[in-house]
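# Summary of structural features
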Amino acid sequence: MKAVIFDLDGVICFTDKYHYIAWKKLADKNGIYFDEDINNRLRGVSRMASLDIILEKATKQYTEEEKEYMAAEKNATYVELLKEMSPADLSEEVKITLESLRTRGYKLAIGSSSKNTKMILNQLGLADFFDAISDGTNITKSKPDPEVFLKAAEFLGETPENCLVVEDAKAGIQAAFDGGFESAGLGEATEHPNVTYKMDSFKDLLDICK
Ligand code: BG6
Ligand code: MG
């Protein structure tokens, strides 16, 4: 293993909670049922595909234009929450683990479906930390398609066999598996049958990547 590719939301930081808050606000406003279980299905999935999952519970049909508007509204709420983030929101555990992996010689990259990746890394003080960033702005298909991780590996100049993918989403583990990557799962990602390593916490990476 020469490199580690990290998902962002729910792995490097807790922005998965902000996604939930922003979608919940939109769902409540439109009288659509939404809960944590539905939210878990949105992990790793693009903004528009997430909205389609939420609208499964809607009692009316929405036009494409209305859907674009709803997605933009959700993103505006989400971005307001992101503005409150600072380097203090990067946990000590994540910070120390990332620094240790770098000291051990691993190349480090981000592989996230989010189009807000650069803003989040900036807020956390990680704008220049990673060797490569593959995100929602350079892909045409979001997870579970492996594109985002294949691009990250390409940007790093590594083959998938040499990269470990770190994920909290089942869709992310599927993407890693289909792309030929080993994976380390957190939370519900550990339930995916194809996860290579099941982790209790982020620092377990230091036992996996010696
Ligand atoms: C992923 C999240 O990282 O990014 C998903 O797990 C989210 O829940 C997706 O929908 C897209 O994010 P954004 O910031 O582009 O709306
Ligand atoms: Mg995630």
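Residues numbered from 1 in each chain as written. Chains lettered and ligands numbered in written order. Predicted model: local features only at pLDDT ≥ 70, side-chain atom pairs only at ≥ 80, totals over all residues. Heavy atoms only, no water.

### Let's talk about the site of ligand 1
Convention followed: Any residue with a heavy atom positioned within 4 Å of a molecule or strand is treated as near that molecule or strand. Whenever a nitrogen or oxygen atom comes within 3.5 Å of another N or O atom, the pair is scored as a polar contact, on the condition that within protein one atom can donate a hydrogen and the other can accept it, and that pairs from neighbouring residues in sequence are kept only if both atoms are in side chains. Reported accessibility uses the Shrake-Rupley method at a 1.4 Å probe radius. Residues are deemed covered only where the shown protein chains occlude them.
Taken together, 15 residues sit near ligand 1, with Asp9, Val45, Ser114, Lys115 and Asn116 positioned nearest. Note that an oxygen atom of ligand 1 is positioned 2.6 Å from one of the side-chain N or O atoms of serine 114. In the environment of ligand 1, an oxygen atom lies 2.7 Å from a nitrogen or oxygen atom belonging to the backbone of lysine 115. Relative to its unbound accessible area of 390 Å², ligand 1 is 96% covered by the protein chains.

### Quick word on the sheet that holds strand 3 (residues 132-134)
Operational definition: A strand pair is defined by DSSP finding two or more bridges across the two strands. Secondary structure elements follow DSSP: runs of H or I of four or more residues count as helices, runs of E of two or more count as strands, with numbering from the N terminus.
Taken in spatial order, the six strands of this open sheet run 3-2-1-4-5-6, and their pairing is parallel. Each end of this open sheet is capped by a strand with a single partner; those strands are strand 3 and strand 6 (197-198). Here four bridges tie strand 1 (residues 3-6) to strand 4 (residues 163-167), and the two strands are oriented parallel to one another. Residue pairing across strands places valine 4 opposite leucine 164, the latter belonging to strand 4.

### Some points on helix 8 (residues 170-179)
Keep this limit in mind: Exposure categories follow from relative accessible area, calculated using a 1.4 Å probe and restricted to protein chains: below 20% of the type maximum is buried, above 50% is exposed, and the middle band is partly exposed. Working rule for contacts: check all heavy atoms of both residues, and any pair within 4.5 Å makes them a contact.
Turning to helix 8, its buried residues number three or more, namely Ala171, Gly172, Ile173, Ala175, Ala176 and Gly179. Packed against the buried residues of helix 8 are helix 7 (147-156), strand 4 and strand 5 (182-185). Count one or two residues on from helix 8 and you reach glycine 180, which has phi positive near 85 degrees.

### A word on the nonpolar core
Heads up, the condition is: Working definition of a nonpolar core: buried Ala, Val, Leu, Ile, Met, Phe, Trp, Tyr and Cys residues. They are joined through side-chain atoms within 4.5 Å. Delimitation of the domains relies on an automatic or database domain assignment.
Grouped together as the largest cluster of nonpolar side chains are 33 residues, with contacts concentrated most on Phe6, Ile12, Phe130, Phe202 and Leu205. Counting only elements with at least two residues in this core, the list comes to strand 1, helix 1 (15-29), helix 4 (64-82), helix 5 (92-103), strand 2 (107-111), helix 6 (117-124), strand 4 and helix 9 (205-208). Both of domain 1 (3-13 + 88-208) and domain 2 (16-82) provide at least three residues apiece to this core.

### Here's the deal with the coordination of the magnesium ion (ligand 2)
The condition is simple: Because water is not among the atoms used, a metal site may look incomplete, as its donors are only the N, O and S atoms within 2.8 Å, or 3.2 Å for Na, K and Ca.
Here the magnesium ion (ligand 2) is held by Asp7 (OD), Asp9 (O) and Asp168 (OD), and the distances to it run 2.0 to 2.1 Å. Read in sequence order, the donor residues coordinating the magnesium ion (ligand 2) give the pattern D-x1-D-x158-D. Across this residue pair, the class does not change: aspartate 7 and aspartate 9 are buried.

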